[in-house]
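Architecture at a glance
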Amino acid sequence: MRKSLKYLIIFFVFMFCMALLSGCVPGDGRNSTEDPAGFFWGIWHGWVAPISLIIGFFNREIRVYEINNSGWWYDLGFYIAVISGFGGISFFRRKNAKRD
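Here goes a summary of the coordinates provided.

Cut-off values and rules
Residues numbered from 1 in each chain as written. Predicted model: local features only at pLDDT ≥ 70, side-chain atom pairs only at ≥ 80, totals over all residues. Heavy atoms only, no water. Patch = residues over 30% accessible without salt bridge, like charges linked within 9 Å, V, L, I, M, F, W, Y side chains within 5 Å. Areas by Shrake-Rupley, 256 points an atom, 1.4 Å probe, with all protein chains shown as cover. Salt bridge = Lys/Arg side-chain N within 4 Å of Asp/Glu carboxyl O. Helix = DSSP H or I, 4+ residues; strand = E, 2+ residues; numbered from the N terminus. Buried < 20%, exposed > 50% of the residue type's maximum accessible area, 1.4 Å probe, protein only. Arc of directions from axis to C-beta. Phe/Tyr/Trp six-rings, centres within 6.5 Å; stacked < 30°, edge-to-face > 60°.

1. Considerations on a nonpolar patch on the surface
Together, Leu 5, Leu 8, Ile 9, Phe 11, Phe 12, Val 13, Phe 14 and Met 15 make up an exposed nonpolar region whose accessible area comes to about 790 Å². Along the chain, Phe 12 turns up in helix 1 (residues 2-21).

2. Points about helix 3 (residues 49-58)
Burial in helix 3 covers these residues: Ala 49, Ile 51 and Ser 52. All buried residues of helix 3 fall inside an arc of 150 degrees around its axis, so they share one side. Turned more than 90 degrees from where helix 3 packs its buried face, Phe 57 and Phe 58 sit exposed.

3. Things to note about the packing of aromatic side chains
If you walk through the whole model with that rule in mind, you get nine aromatic pairs. A centroid spacing of 6.4 Å and a plane angle of 80 degrees characterise the contact between Trp 44 and Trp 47, whose relative ring orientation is edge-to-face. Of this pair, Trp 44 and Trp 47 both sit in helix 2 (residues 39-47), three residues apart, roughly one helical turn. For Trp 44, a relative accessible area of 26% gives the class partly exposed. On the numbers, 5.1 Å between centres and 85 degrees between planes, the contact of Trp 72 with Trp 73 is edge-to-face. The residues Trp 72 and Trp 73 share a single accessibility class, namely exposed. Taken together, the ring pairs in this structure connect Phe 39, Phe 40, Trp 72 and Trp 73 into an aromatic cluster.

This is the structure:
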């Protein structure tokens, strides 16, 4: 019984985090040409890119990348977040594979 309760709690925590993160995805109407997304929004959108991709399958207005952005600074933040998140995982796996 305790093991199933643990999995149930993990499931609800995961669902809560997904709902919390889905509130700040690109294309939600928060940014416009007058108020474009900047560097820090780029970092945030890079971190939530996998969630944005999944939501984008069901809602055509949600994108992985904010089209109303400040240009180069947004791109820099976005790519820093994507590379540090996904690239860090691959570096960790490669490092462990060399140990074996």
